[in-house]
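Fold and contact review
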Amino acid sequence: MSVESDTAAAGTEPAAAVAAVEGATVRYKTVVALDGVSAEFRPGTTALLGPNGAGKTTLLSLLSTARRPHEGTVSLLGEPVGGRARVRAVRARVGVLPQSFGYYPRFTVREFVEYAAWLRKVPRARRADRTREALRLVELEKHADRRMGELSGGMLRRAGIAQAVVNEPALLLLDEPTVGLDPAQRVGFRALIKDLGERSAVVMSTHLAEDVAHVCDRVHVLLDGRVRFTGSLTDLCARGPARSGKPVEVTGPAVESGYLAVVERHGDQGGRTGQGGHAGRGSGAAS
Ligand SMILES: Nc1ncnc2c1ncn2[C@@H]1O[C@H](COP(=O)(O)OP(=O)(O)OP(=O)(O)O)[C@@H](O)[C@H]1O
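Residues numbered from 1 in each chain as written. Predicted model: local features only at pLDDT ≥ 70, side-chain atom pairs only at ≥ 80, totals over all residues. Heavy atoms only, no water.

Just so we agree on the cut-off: UniProt positions are given in the numbering used here, feature names are shortened, and annotations may be inferred rather than shown by experiment.
As annotated in an unreviewed UniProt entry, the chain carries the name Putative ABC transporter ATP-binding protein YxlF and comes from Streptomyces fradiae ATCC 10745 = DSM 40063. What the UniProt record of the chain gives under Sequence similarities (unreviewed entry) is the line "Belongs to the ABC transporter superfamily."

And the structure:
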């Protein structure tokens, strides 16, 4: 099955791509993590949906410039990622929330975010203001003087988002941002991510169909290192079982059904590494 045959029609997108990968292959010794992946990322929020080991984190690492593909190209903000100077310039315009991130536990929340501002080349004169604004965005202003080591899991994720947006990134990369949050926190986070999608192109890796339905405009389904579906959420939901001519509704269960239809269409490729956490397996409970 070719990628194109399972990919929604191109050419209907009004906004230019903020980031793109073309024919990207990444290997870790004998494992092919990405196998000729081509994908574009536009303003708004795009989900990377796929089972464990599908290659989502590896794709994010290309977009963050942490890694270069063995084959293929990556373009960010309209230009191919090339030499060191260009990578440095691009990094200043990208924000990243990794699945887990390191921090010095005695840093206050403010110090943690200010440090990220320094790393992302925010000019010294703007760092304090940008830090304040990032903390306001994630509603952590009141906790700015608390130590990182004292934060709850939800507050830690918020601090992680604050450090990712402190440089007002044009491209914001979130790797499973709602993992470990309780249902109420997850709902709050969805609203925050949706809001961020109005300021930046947000790319969010997730297993959770409910999060995708609530937050994202577009989705790339990755299975076994390949993009097997690209399109709007309505397109994905329409892949699910037809319901006697009813209009397609974008809901968590509908995203789950559309996703499973893509997985089934590609035989066992999506199930090779898929386990309990993958979209369509119990994700309906995560609302
Ligand atoms: N540092 C590494 N060394 C060796 N293999 C790796 C490494 N990182 C990832 N892989 C392998 O590459 C493949 C893709 O991994 P990746 O972490 O990108 O998937 P993922 O979709 O993000 O998975 P998950 O949903 O579990 O986070 C997997 O087979 C994984 O085992």
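1. Let's talk about the sheet that holds strand β5 (residues 79–80)
Rules: Two strands qualify as a pair provided DSSP detects at least 2 bridges between them. Secondary structure is summarised from DSSP: a helix means a run of H or I of at least four residues, a strand means a run of E of at least two, and numbering begins at the N terminus for each. In this analysis, two residues are considered to be in contact whenever any of their non-hydrogen atoms come within 4.5 Å of each other. Fitted lines through C-alpha atoms give the axes, limited to the stretch in contact for helices. The angle between two N-to-C directions lies from 0 to 180 degrees.
Reading across from one edge, β2-β1-β4-β5 is the order of the four strands in this open sheet, with antiparallel pairing throughout. Each end of this open sheet is capped by a strand with a single partner; those strands are β2 (31–41) and β5. Where strand β4 (residues 71–76) lies against β5, two bridges are found, and the strand directions are antiparallel. Paired with Leu-76 across the two strands is Glu-79, which belongs to β5. Contacting β1 (19–28), β2 and β4, helix α1 (residues 56–63) crosses the sheet at an angle of about 120 degrees to β1.

2. Thoughts on the packing of helix α5 (residues 153–165) against helix α6 (residues 183–196)
Packed helices, taken two at a time, are described by the angle their axes make and the gap between the axes. Cut-off, in case you're wondering: These descriptions rest on fixed angle ranges, namely under 35 degrees for roughly parallel, over 145 for roughly antiparallel, 65 to 115 for roughly perpendicular, and the rest for oblique. Lys, Arg, Asp and Glu make up the charged group, whereas Ala, Val, Leu, Ile, Met, Phe, Trp, Tyr, Cys and Pro make up the nonpolar group; the residues left over, Gly among them, are polar.
As a packed pair, α5 and α6 sit with axes 11 Å apart at the nearest point and diverge in direction by 5 degrees. Compared by their axis directions, α5 and α6 come out roughly parallel. Where α5 approaches α6, its residues Gly-154, Arg-157, Arg-158, Ile-161 and Val-165 are matched on the opposing element by Gln-185, Gly-188, Phe-189, Leu-192 and Leu-196. Residue classes in the contact of α5 with α6 are distributed as five nonpolar, three polar and two charged.

3. Topic: the site of the ligand
Using the following cut-off: Proximity is defined per residue: if any heavy atom of the residue lies within 4 Å of a molecule or strand, that residue is considered near it. For this analysis, a polar contact is any N or O atom pair within 3.5 Å, provided that within protein one partner can donate a hydrogen and the other can accept it, and provided that sequence-adjacent residues contribute only side-chain to side-chain pairs. With residues, only the protein chains shown are counted as cover, and all accessible areas are computed by Shrake-Rupley using a 1.4 Å probe.
Taken together, 14 residues surround the ligand, and among them Gly-53, Gly-55, Lys-56, Thr-57 and Thr-58 come closest. Contact between the ligand and Thr-58: an oxygen atom at 2.5 Å from a side-chain N or O atom of the residue. Here an oxygen atom of the ligand sits 3.5 Å away from a polar atom, N or O, in the side chain of Glu-176. Out of a free accessible area of 630 Å², the ligand has 64% covered by protein chains.

4. Details of the nonpolar core
Cut-off, in case you're wondering: Take the buried residues of types Ala, Val, Leu, Ile, Met, Phe, Trp, Tyr and Cys, join any two whose side-chain atoms come within 4.5 Å, and each joined set is a nonpolar core. Burial classes follow relative accessibility: with a 1.4 Å probe on protein chains only, a residue under 20% of its type's maximum area counts as buried, one over 50% as exposed, and anything between as partly exposed.
Counting residues in hydrophobic clusters, the biggest one holds 53 residues, and the most contacted among them are Leu-49, Ile-161, Leu-196, Val-219, Val-221, Leu-236 and Val-255. Tallying contributions element by element places α5 first for this core, with seven residues. With sequence-adjacent residues up to four places away left out, Val-255 is seen in contact with Leu-49, Ala-209, Val-212, Ala-213, Leu-236, Cys-237 and Val-250. Ala-19, Val-26, Ala-39 and Leu-63 belong to the second largest nonpolar core, which has 27 residues in total.

5. Considering the side chain of Lys-56
To keep things clear, this is the line we draw: The convention is simple: Lys and Arg are positive, Asp and Glu are negative, and His and the chain ends are not counted. A carboxyl oxygen of Asp or Glu within 4 Å of a side-chain nitrogen of Lys or Arg is what we treat as a salt bridge.
Inspection of the secondary structure puts Lys-56 in helix α1. Here Lys-56 sits buried without a salt bridge, and the closest side chain of opposite charge, Glu-176, lies 4.8 Å off (N-O distance). Polar contacts involving the side chain of Lys-56 include one to the main-chain carbonyl oxygen of Gly-50, which spans 3.0 Å. In this structure, Lys-56 is in contact with Leu-48, Leu-49, Gly-50, Pro-51, Glu-176, Ser-205, Thr-206, His-207 and Leu-222, ignoring residues within four places of it in sequence.

6. Examining the pairing of strand β7 (residues 171–175)
Regular strands have side chains that alternate between both faces of the sheet. Counting buried positions over the five residues of β7 gives five, a clear majority of the element. The pairing of strand β6 (residues 94–97) with β7 spans four bridges and is classified as parallel. Residue pairing across strands places Gly-95 opposite Leu-172, the latter belonging to β7. Sheet topology places β7 next to strand β8 (residues 201–206); five bridges connect them, and they run parallel. From the neighbouring strand, Leu-173 faces β8, where its bridge partner is Val-203.

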